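Below are the chains, spelled out letter by letter.
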Amino acid sequence: MFSQENLGDHEKYAAVREKLAGDPADEALTAAQELLDAEKERDAEWHYMQAAVHYYRRRYLDCRKRLETAIKLDPLNPRYRADYDGLLQMSRAAQEEQRKKSSKATDGCAEGCCECCCNLC
Amino acid sequence: MTVLGYVKYDLPNLCVKDLQLYRAMYCGLCKGIAKSCGQRARMGLTYDVTFLSVFLHNILGIDVKIERQGCIAHVKKRSIALTDELTEELGALNTLLVYYKLTDDIADGGKGRGKRVFFKKGFRRAKKKYPALVKLVSDYMAEQEKAEKSGASSPEMAADPSACMMQALSDHFLKEKASKATRSLFYEFGKWVYLIDALDDYDKDKKKREYNPFVLTYGSESRKALMEEHGEEISFLFDTSFYAMRESLEEIPFSFNRDLSDNVILRGLPLETARVMRGEPIRVENVKI
């Protein structure tokens with residue numbers, strides 16, 4: 001998600017994109033945030049870039065809210081939609097995992113139970 | 001806001017060997033607290049730091065030796081993990097977290113002054129023996145207080161200093177074994193601990209008009225109303241964190257059996273989250289082995 005390719009080529013945000021390149025460290029994220037804070041016009045791309053900063057800072061709900069705003073302002077942009085879907089997929093995958101775990105009372109315990117019983121002897 | 005007491009295992013899916021190990025580590029940590037901070041500080045023993053002890057020993061490849069020993073709290077001898085340097089320092093961490101939690105409670109106008117007296121000496125001993133650890137914790141506590149006073153604009157922003165503290169603690173203890181995956185896991189773990197406590201305290205904080213990131217962001221009348229009105233967002237907040245924890249966990253090389261760590265992170269934390277979201281009382285599991 002928020003790959004360099006997906007971050008697009010919007011000239012206005014070239015400096016922000018540069019900070020977000022690769023696997024951005026804390027300092028790079030702080031610098032990207034400062035650049036975004038300094039921007040007066042908050043268009044769809046601004047919200048998308050802000051979403052990227054939240055994502056790399058592991059603030060997934062904040063990221064989602066920014067993506068929703070970006071999509072609202074530019075509903076046809078496929079980059080926004082792709083990352084939004086990716087984010088929702090994270091949540092769905094976790095829910096699916098929990099559902100699987102709760103449906104198996106003793107997940108993978110076929111060997112474990114024997115081992116446990118032996119330990120008790 | 002220092003929070004303790006939410007990190008639990010999922011008992012029906014815990015093997016007996018892992019329950020025995022957890023119990024031995026719990027008693028071992030208690031003895032570790034005694035060594036680093038004195039007898040009175042043992043009253044602050046928590047499952048949260050016990051879990052850290054289990055997890056860190058495993059990643060660091062420090063084998064735990066378990067012996068039948070006596071203990072002042074129990075008549076019969078029991079299996080106890082022998083204390084080592086790591087356990088003693090974690091004992092100091094346990095004391096620090098309890099001390100700061102009580103300090104936080106006092107600052108919020110609550111009780112705790114009497115209890116804190118029991119930990120004052122232990123806190124001083126920790127400060128003398130582990131100055132780097134104390135500085136790390138106190139710096140992030142100050143950051144947390146600052147974030148809360150400035151009215152952090154979202155639950156995740158509010159949780160950031162606590163999450164960063166846990167991440168920094170993982171670096172402190174793991175040293176060269178620290179990795180991107182361990183940092184990410186501990187960040188998410190710290191975030192979870194902060195947010196689950198905030199969600200659990202929703203009604204109390206709303207009534208007392210104390211800082212709570214969920215009250216500030218959503219303003220619902222009660223925790224129940226919050227879940228009815230914004231339950232999907234709250235679930236998303238925790239689910240994405242569980243996803244990130246699972247991803248990180250898969251990349252961490254464990255030195256020994258990882259069943260216990262997996263049980264707590266992949267099953268215990270989501271179960272506890274579901275309990276708090278439903279507003280149910282704390283799970284008490286008392287199994288004798």
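A. Representation of the overall build of chain B in the model. Helix and strand counts for chain B stand at eleven helices and two strands. Across chain B, helices and strands are ordered from the amino to the carboxyl terminus as α-α-β-β-α-α-α-α-α-α-α-α-α. Along the longest, intermediate and shortest principal axes, the C-alpha atoms of chain B span 50 × 40 × 40 Å. When the 289 residues of chain B are sorted by exposure, 47% land in the buried category. Within chain B, counting contacts between residues at least 6 apart in sequence, those at least 24 apart form 71% of the total.

B. Representation of the overall build of chain A in the model. Tallying secondary structure elements over chain A gives six helices and zero strands in all. Starting at the N terminus and ending at the C terminus, chain A contains elements arranged as α-α-α-α-α-α. Considering only contacts within chain A whose residues lie at least 6 apart along the sequence, 42% involve residues at least 24 apart.

C. How the structure looks around the packing of helix α2 (residues 47-60) of chain B against helix α11 (residues 259-278) of chain B. Residues and elements named next belong to chain B. Contact pair α2 / α11: the axes reach a minimum separation of 10 Å and the direction vectors enclose 135 degrees. Considering their axes alone, α2 and α11 lie oblique with respect to each other. The way α2 lies across α11 gives a crossing that is left-handed. Contacts between α2 and α11 involve Phe51, Val54, Phe55 and Asn58 from the former and Leu260, Ser261 and Val264 from the latter. Among the residues forming the contact of α2 with α11, the class breakdown is five nonpolar, two polar and no charged.

D. Just the environment of Tyr47 of chain B, in detail. All names here are of chain B. Along the chain, Tyr47 turns up in helix α2. For Tyr47, a count of 19 C-beta atoms within 10 Å corresponds to the partly exposed category. Sequence separation of Tyr47 and Arg23 is 24 residues, and the distance between their C-alpha atoms is 9.7 Å. Setting aside residues no more than four positions away along its own chain, Tyr47 makes contact with Gly5, Val7 and Lys8.

E. Fine view of the packing of helix α5 (residues 131-149) of chain B against helix α6 (residues 155-174) of chain B. Residue and element names in this part refer to chain B. For the pair α5 and α6, interaxial distance at closest approach is 8 Å and the crossing angle is 170 degrees. For the element pair α5 / α6, the angle class is roughly antiparallel. Between α5 and α6, the contacting residues are Leu133, Leu136, Val137, Tyr140, Glu143, Gln144, Ala147 and Glu148 on the first element and Met157, Ala158, Asp160, Pro161, Ser162, Cys164, Met165, Ala168, Leu169 and His172 on the second. Looking at the contact of α5 with α6 residue by residue, the classes come out as twelve nonpolar, three polar and three charged.

F. View of unusual backbone geometry. Phi is positive for Phe2 of chain A, close to 50 degrees, though the residue is something other than glycine. Within the secondary structure, Phe2 of chain A is located in the segment before α1 (14-19). Positioned with a positive phi, Arg209 of chain B is a non-glycine residue whose angle comes to about 55 degrees. Among the structural elements, Arg209 of chain B can be located in the loop between α8 (202-208) and α9 (213-218). The class of Arg209 of chain B is exposed, set by 8 C-beta atoms lying within 10 Å.

G. Quick look at the confidence of the model for chain B. On average, chain B scores 92 in pLDDT, and the residues at 70 or more come to 97%. Across the whole predicted complex the pTM is 0.91, and at the interface the ipTM reaches 0.88.

H. Broad picture of α5 of chain B. Residue and element names in this part refer to chain B. With 19 residues, α5 should reach 27 Å at 1.5 Å per residue; the first-to-last C-alpha distance of 27 Å fits that figure. Every buried residue of α5 is listed here: Val134, Val137, Tyr140, Met141, Gln144 and Ala147. For α5, the angular spread of buried residues about the axis comes to 155 degrees, placing them on one side. Exposed residues pointing more than 90 degrees away from the buried face of α5 are listed as Pro131, Ala132, Lys135, Ala142, Lys146 and Lys149. Gly151 lies just past α5 and shows a positive phi near 70 degrees.

I. How the structure looks around the environment of Met43 of chain B. Residues and elements named next belong to chain B. Structurally, Met43 is set in the loop between α1 (16-37) and α2. Of the residues examined, Met43 has 14 C-beta atoms within 10 Å and is grouped as partly exposed. Between the C-alpha atom of Met43 and that of Ser255, which follows or precedes it by 212 residues, the distance is 31 Å.

J. Broad picture of α2 of chain B. Residues and elements named next belong to chain B. With 14 residues, α2 ought to run about 20 Å at 1.5 Å a step, and its terminal C-alpha atoms sit 20 Å apart, in line with that. Among the 14 residues that make up α2, eleven are buried, leaving the element largely enclosed by the rest of the structure. Looking at α2, one finds that the buried residues are Val49, Thr50, Phe51, Leu52, Ser53, Val54, Phe55, Leu56, His57, Asn58 and Ile59. For α2, the elements touching its buried residues are α1, α3 (85-107), α6, α7 (180-200) and α11.

K. Here's a closer look at the pairing of strand β2 (residues 74-81) of chain B. All names here are of chain B. Of the pairings in the sheet, the one linking strand β1 (residues 66-71) to β2 comprises five bridges and is antiparallel in character. Within the sheet, the bridge partner assigned to Arg68 lies in β2 and is Ser79. Here β1 folds back onto β2 in antiparallel fashion, the turn holding two residues.

L. Region of the structure containing the nonpolar core. Ranked by internal contacts, the top residues of the largest apolar core, which has 103 residues, are Ala52 and Leu67 of chain A together with Leu96 and Leu195 of chain B. Ranked by the residues each element gives to this core, the list is headed by α7 of chain B, at eleven residues. The contacts of Leu67 of chain A, once residues within four sequence positions are left out, are Tyr48, Ala51, Tyr80, Asp83, Tyr84 and Leu87 of chain A.

Quick notes on the rules
- Residues numbered from 1 in each chain as written.
- Chains lettered and ligands numbered in written order.
- Predicted model: local features only at pLDDT ≥ 70, side-chain atom pairs only at ≥ 80, totals over all residues.
- Helix = DSSP H or I, 4+ residues; strand = E, 2+ residues; numbered from the N terminus.
- Buried ≥ 20, exposed ≤ 12 C-beta atoms within 10 Å, placed from the backbone.
- Contact = placed C-beta atoms within 7 Å.
- Axes fitted to C-alpha atoms, helices over the stretch in contact; angles between N-to-C directions.
- Parallel < 35°, antiparallel > 145°, perpendicular 65-115°, else oblique.
- Left-handed = near helix turned anticlockwise from the far one by under 90°.
- Nonpolar A, V, L, I, M, F, W, Y, C, P; charged D, E, K, R; others polar.
- pLDDT = per-residue confidence, 0-100.
- Expected span 1.5 Å × (residues − 1).
- Arc of directions from axis to C-beta.
- Pairing = 2+ DSSP bridges.
- Core = buried A, V, L, I, M, F, W, Y, C linked by C-beta atoms within 7 Å.

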